[in-house]
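# Structure at a glance
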Amino acid sequence: MASESGDDRIIRFTSAFISLLQNTLRIRNTIYVSLEEELENVKNYVEIQKYRYMDKFDLVIECPEECLNVAIPNIMLQPMVENAIFHGIAPKEEQCILRILVEHREEVVINIMDDGCGMSREKADRLLQVEQENYGGMRKIGIANVNKRLKEIYGESCGLKIISEEGAGTKIVMRIPYREYEE
């Protein structure tokens, strides 16, 4: 019906929703996916949120070709993107940019950046320590859980770092080993 009426927004929303469900619910023999698949899931998630927030932000992804087949634990980026949207971008009045920049050094460095409202150093430190937060009776598993998973999988040298400035935005830095994904 959306196609017949020419409603491209609903077509994009529905396609993104179906793809996100299919990719996240697929049964796998491993906890890993390729970074390319993880980024595709983030794009689909963002497409849904852009519909909700009426295009209040744009997503920019920069990833070198050689990093697309890097193995990354499934559903590692989406919680950080979700936090950036809900806590950094949504409260701001003006249009924002959500940017994912992937760098290949000795390891893979994934930067999730927004020019949203930012936060204090104390709050950023708490985000890496508090595993569960309650908002109006809803339990939220956040950035601390992602950080804990990364350290359990890769060791203490990997994990997250948060750099933020109130009123200027937030940058979350994730470090993981460079390992090729194998299905």
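Up top you'll find the structure we're talking about.
Residues numbered from 1 in each chain as written. Predicted model: local features only at pLDDT ≥ 70, side-chain atom pairs only at ≥ 80, totals over all residues. Heavy atoms only, no water.

### Considerations on the overall build of the chain
A count of helical and extended segments in the chain gives six helices and nine strands. Within the span of the chain, comprising 183 residues, buried residues form 42% of the whole. Considering only contacts in the chain between residues 6 or more positions apart, those separated by 24 or more positions represent 71%. Only carbon and sulfur atoms are counted for the fraction: they give 49% of the accessible area of the chain, which is about 10,300 Å². (Helix = DSSP H or I, 4+ residues; strand = E, 2+ residues; numbered from the N terminus. Buried < 20%, exposed > 50% of the residue type's maximum accessible area, 1.4 Å probe, protein only. Contact = heavy atoms within 4.5 Å. Areas by Shrake-Rupley, 256 points an atom, 1.4 Å probe, with all protein chains shown as cover.)

### Some points on the nonpolar core
Grouped together as the largest cluster of nonpolar side chains are 38 residues, with contacts concentrated most on Leu77, Ile110 and Met174. Going through the elements one at a time, α3 (35–52), α4 (78–89), β4 (96–104), β5 (108–114), α5 (121–127), α6 (143–154), β8 (159–165) and β9 (169–176) are the ones with two or more residues in this core. Dropping the residues within four chain positions of it, isoleucine 110 is found in contact with Leu35, Ile72, Leu77, Ile100, Leu101, Val102, Ile172, Val173, Met174 and Ile176. (Core = buried A, V, L, I, M, F, W, Y, C linked by side-chain atoms within 4.5 Å.)

### What to know about the packing of aromatic side chains
What characterises a pair of aromatic rings is the spacing of the ring centres plus the angle enclosed by the ring planes. In the structure shown here, the tally under the stated rule is one aromatic pair. Centre to centre, the rings of tyrosine 53 and phenylalanine 86 are 6.2 Å apart; their planes meet at 55°, and the pair counts as tilted. Of the two residues, tyrosine 53 sits in the loop between α3 and β2 (57–62) while phenylalanine 86 sits in helix α4, which places them 33 residues apart along the sequence. (Phe/Tyr/Trp six-rings, centres within 6.5 Å; stacked < 30°, edge-to-face > 60°.)

### Points about the sheet that holds β8
In space, the five strands of this open sheet follow the order β2-β4-β5-β9-β8, with mixed pairing throughout. Strands with a single pairing partner mark the edges of an open sheet, and in this sheet they are β2 and β8. Across the sheet, the mean angle from the axis of one strand to that of its neighbour is 10°, orientation sign disregarded. Bridge analysis of β2 against β4 gives six bridges, and the strand direction is parallel. (Pairing = 2+ DSSP bridges. Axes fitted to C-alpha atoms, helices over the stretch in contact; angles between N-to-C directions.)

### Some words on the pairing of β8
Pairing between β8 and β9: seven bridges, direction antiparallel. Across the sheet, isoleucine 163 pairs through a bridge with lysine 171, a residue of β9. In sequence, β8 turns back onto β9 through a hairpin of three residues, with glycine 167 there showing a positive phi of about 85°.

### Observations concerning unusual backbone geometry
A positive phi is found at isoleucine 75, a non-glycine position, where the angle reads about 60°. Within the secondary structure, isoleucine 75 is located in the loop between β3 (71–73) and α4. Given the relative accessible area of 34%, isoleucine 75 is considered partly exposed.

### Examining the pattern of salt bridges
Any two side chains of opposite charge can pair, so long as their charged atoms come close to each other. Enumeration according to the criterion identifies eight salt bridges in this entry. Arginine 105 is the salt-bridge partner of glutamate 103, the closest N and O atoms lying 3.0 Å from each other. Among the residues examined, glutamate 103 registers a relative accessible area of 24% and is labelled partly exposed. For glutamate 107, the salt bridge goes to arginine 175, with nearest N and O atoms at 2.8 Å. On the criterion of sequence distance, the pair formed by glutamate 107 in the loop between β4 and β5 and arginine 175 in strand β9 is long-range, its members being 68 residues apart. Note on arginine 175: relative accessible area 29%, which makes it partly exposed. (Salt bridge = Lys/Arg side-chain N within 4 Å of Asp/Glu carboxyl O.)

### Some details on the packing of α3 against α4
Between α3 and α4, the least distance of the axes is 10 Å, while the angle of their chain directions is 25°. Compared by their axis directions, α3 and α4 come out roughly parallel. Helix-helix and strand crossings are classified by hand; for α3 and α4 the assignment is right-handed. From α3, Glu38, Val42, Tyr45, Val46, Gln49 and Arg52 reach across to α4, where they touch Gln78, Val81, Glu82, Ile85 and Phe86. Split by residue class, the contact of α3 with α4 holds six nonpolar, two polar and three charged. (Parallel < 35°, antiparallel > 145°, perpendicular 65-115°, else oblique. Left-handed = near helix turned anticlockwise from the far one by under 90°. Nonpolar A, V, L, I, M, F, W, Y, C, P; charged D, E, K, R; others polar.)

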